[in-house]
Amino acid sequence: GDMHDNDFRTFGMLINMSRAKDGLQDFEYKKSVLLSLLGFDRAANLGRKARRILEEGRAVYLREHGFDVHVVRYCDRSVTGDNLALIAKRRSARQGVCRAVRPPVPRKKKDR
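On a predicted model such as this, the values are computed, not experimentally measured, just so you know.

Engineer: Where do I start with the layout of surface pockets in this structure?
Structural biologist: To find the voids left in a structure, one rolls a probe of water-molecule size over its atoms. One number sums up the size of the largest pocket: a volume of about 150 Å³. Taken together, N45, R48, K49, R51, R52, R73, R77, G81, N83 and L84 make up the lining of the largest pocket. Here the lining of the largest pocket takes five residues from helix 4 (residues 40–64), the largest share from any one element. For the lining of the largest pocket, the class distribution of residues is one nonpolar, three polar and six charged.

Here it is, written out as structure tokens:
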């Protein structure tokens, strides 16, 4: 089915929970039904997986629009749970991306 606003909010909340390093300090999450059902460790683990899904989706979009993309972890999870980054570089025309190329403009011959 379709993803609804509430589903997207839950997805985002899981991602935010995964960023918390030493448990949750934020009032918003302490009253979360999701947190009471899953517990912090499981919610944080699901949040990391949700973040990976989100970044992989972004990578697919960029690949479809002419980029070479890698999803990388740029630091240890002990530093931050928010440790994914996209490294992207636009492909050249020789690597399979069609770009509009202007034909060369003919130069006028010089009168001698």
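Resuming the write-up.
Engineer: What should I look at first to understand helix 1 (residues 5–19) in this one?
Structural biologist: An α-helical segment advances 3.6 residues per turn. Residues three or four places apart therefore align on the same side. Taking 1.5 Å of rise per residue, the 15 residues of helix 1 would be expected to cover 21 Å, and the 21 Å separating its terminal C-alpha atoms lies within 8% of that figure. When we look at burial in helix 1, the residues that qualify are F11, L14, I15, M17 and S18. Each buried residue of helix 1 lies within a common arc of 160 degrees when the element is viewed along its axis, so the set occupies one face. More than 90 degrees from the buried face of helix 1, the exposed residues found are D5 and R9.

Engineer: For this particular structure, what's the right way to read the nonpolar core?
Structural biologist: The nonpolar side chains of soluble globular proteins are, as a tendency, buried together. Core analysis: the largest hydrophobic core is formed by five residues, namely A59, F67, V69, V71 and L84. At three residues, strand 1 (residues 67–73) tops the list of elements feeding residues into this core.

Here is what the cut-offs are and how they apply
Residues numbered from 1 in each chain as written. Predicted model: local features only at pLDDT ≥ 70, side-chain atom pairs only at ≥ 80, totals over all residues. Heavy atoms only, no water. 1 Å grid on protein atoms, 1.4 Å probe; cavity = no way out; pocket = protein on both sides within 12 Å on 5 of 7 lines; lining within 4 Å. Points joined across faces, edges and corners; volume = space filled by probe spheres on them. Helix = DSSP H or I, 4+ residues; strand = E, 2+ residues; numbered from the N terminus. Nonpolar A, V, L, I, M, F, W, Y, C, P; charged D, E, K, R; others polar. Expected span 1.5 Å × (residues − 1). Buried < 20%, exposed > 50% of the residue type's maximum accessible area, 1.4 Å probe, protein only. Arc of directions from axis to C-beta. Core = buried A, V, L, I, M, F, W, Y, C linked by side-chain atoms within 4.5 Å.

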